[in-house]
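Coordinate inspection notes
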Amino acid sequence: MNNWCKTWEQDISKYDLVKYINQRMTSSDGSWWNLYEEKEDFADYTAELRKELEHKVNDKLVYMGVWDYYPGYVDDLGPHIDNGGKENAVIFVVPKGELTVTLHNTDTKQVIESKKISGNTAMALHHTKFMHDINGQGLLVVFGISKNFDAEEYFNKDVIS
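Residues numbered from 1 in each chain as written. Predicted model: local features only at pLDDT ≥ 70, side-chain atom pairs only at ≥ 80, totals over all residues. Heavy atoms only, no water.

1. Regarding the confidence of the model for the protein chain
To keep things clear, this is the line we draw: Note: pLDDT gives the predictor's confidence per residue, expressed from 0 to 100. Strands here mean DSSP runs of E at least two residues long; helices mean DSSP runs of H or I at least four residues long; both are numbered from the N terminus.
Here the protein chain averages 90 in pLDDT, and 93% of its residues register 70 or above. When pLDDT is averaged over each helix and strand of the protein chain, the minimum, 90, is found for helix 1 (residues 17-24) and the maximum, 97, for strand 4 (residues 89-104).

What follows is the structure in structure tokens.
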């Protein structure tokens, strides 16, 4: 199955996101973002990375959020489909640690496929159509792709990797 996500090589370490995140991260009970920026509040610090990602998907990014999957963190969402309030799809990067994104059968929640992402891999995820969950330890940086993004076309054309 190739239409739920796309992954590609992306050297995240050159952006020093961990330093940026550590300087701005707020404490959290683990149920919501540790750092969140709307498009109009994007920091200059992430401009180069955002430009590269926007080029990769040929659309605009509308937010950036960071989840801290710290040791012992339990993602209460479990397998789920996001409602896509502001976005049609997302891009994930993991500047620290390693996370596994798993595709589930919508009816049975059985695992269909899993992909690992870490410092040298980026992932576009069709999170508003496919049931998924995320596990592991690390910092998950999520970029929302605009509502204008044609996710069906993007995820159904040739796979990046």
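2. Overview of the environment of Val-94
For the record, the criterion: In what follows, residue pairs with any heavy atoms lying within 4.5 Å of each other are defined as contacts.
As for its position among the elements, Val-94 is in strand 4. For Val-94 and Leu-17, which are 77 residues apart along the polypeptide, the C-alpha to C-alpha distance reads 9.2 Å. In contact with Val-94, not counting residues within four places along its chain, are Leu-99, Ile-117, Ser-118, Gly-119, Leu-139 and Leu-140.

3. A few points about the pattern of salt bridges
Spelled out, the test is: Salt bridges are defined as contacts in which a side-chain nitrogen from Lys or Arg sits within 4 Å of a carboxyl oxygen from Asp or Glu. Each residue gets one of three labels from its accessible area relative to the maximum for its type: buried under 20%, exposed over 50%, partly exposed in between, using a 1.4 Å probe on protein chains only.
Scanning all chains against the criterion turns up 4 salt bridges. Between Lys-116 and Glu-98 there is a salt bridge, and its shortest N-O distance comes to 3.8 Å. Residue Lys-116 is found in strand 5 (residues 111-117), and its partner Glu-98 is found in strand 4; the two are separated by 18 residues along the sequence. When its relative accessible area of 54% is taken as the criterion, Lys-116 is described as exposed. By relative accessible area, which is 39% here, Glu-98 ends up partly exposed. Lys-129 is the partner of Glu-152 in a salt bridge, and the nearest nitrogen-oxygen pair spans 3.2 Å.

4. A look at the environment of His-80
Here is the rule we go by: Polar contact is the term for a pair of N or O atoms within 3.5 Å; when the atoms are in protein, one must be able to donate a hydrogen and the other to accept it, and sequence-neighboring residues count only if both atoms are side-chain atoms.
Relative to the elements of secondary structure, His-80 occurs in the loop between strand 3 (61-69) and strand 4. Residue classification places His-80 among the buried residues on the basis of a relative accessible area of 13%. Residues His-80 and Asp-133 lie 53 residues apart in sequence; the distance between their C-alpha atoms is 6.5 Å. Once you skip the residues sitting within four places of it in the chain, His-80 turns out to touch Phe-130, Met-131 and His-132. A polar contact of 3.3 Å, which involves the side chain of His-80, links it to the side chain of Asp-82.

5. Quick word on the side chain of Glu-87
Rule in force here: This count recognises Lys and Arg as positive and Asp and Glu as negative, with His and chain-terminal groups excluded.
When you line up the elements, Glu-87 lands in the loop between strand 3 and strand 4. Buried charge Glu-87 goes without a salt bridge, the closest partner of opposite sign being Lys-147 at 6.7 Å. At a separation of 2.7 Å, a polar atom in the side chain of Glu-87 contacts the side chain of His-127. Contact partners of Glu-87, with chain neighbours within four places excluded, come to Val-62, Tyr-63, His-127, Thr-128, Gly-144, Ile-145, Ser-146 and Lys-147.

6. Observations regarding the nonpolar core
Note the threshold: The definition of a nonpolar core used throughout is a set of buried Ala, Val, Leu, Ile, Met, Phe, Trp, Tyr and Cys residues joined through side-chain atoms within 4.5 Å.
Residues Ile-91, Phe-143 and Phe-149 are the most contacted members of the largest nonpolar core, which totals 28 residues. Looking at this core, the elements with two or more residues in it are helix 1, helix 2 (47-57), strand 3, strand 4, strand 6 (121-125), strand 7 (131-145) and helix 3 (151-156). Considering every element that reaches this core, the biggest residue donor is strand 7, with 4 residues. Phe-149 has contacts with Val-57, Asp-59, Asn-88, Ala-89, Tyr-154 and Phe-155, leaving out every residue within four places of it along the chain.

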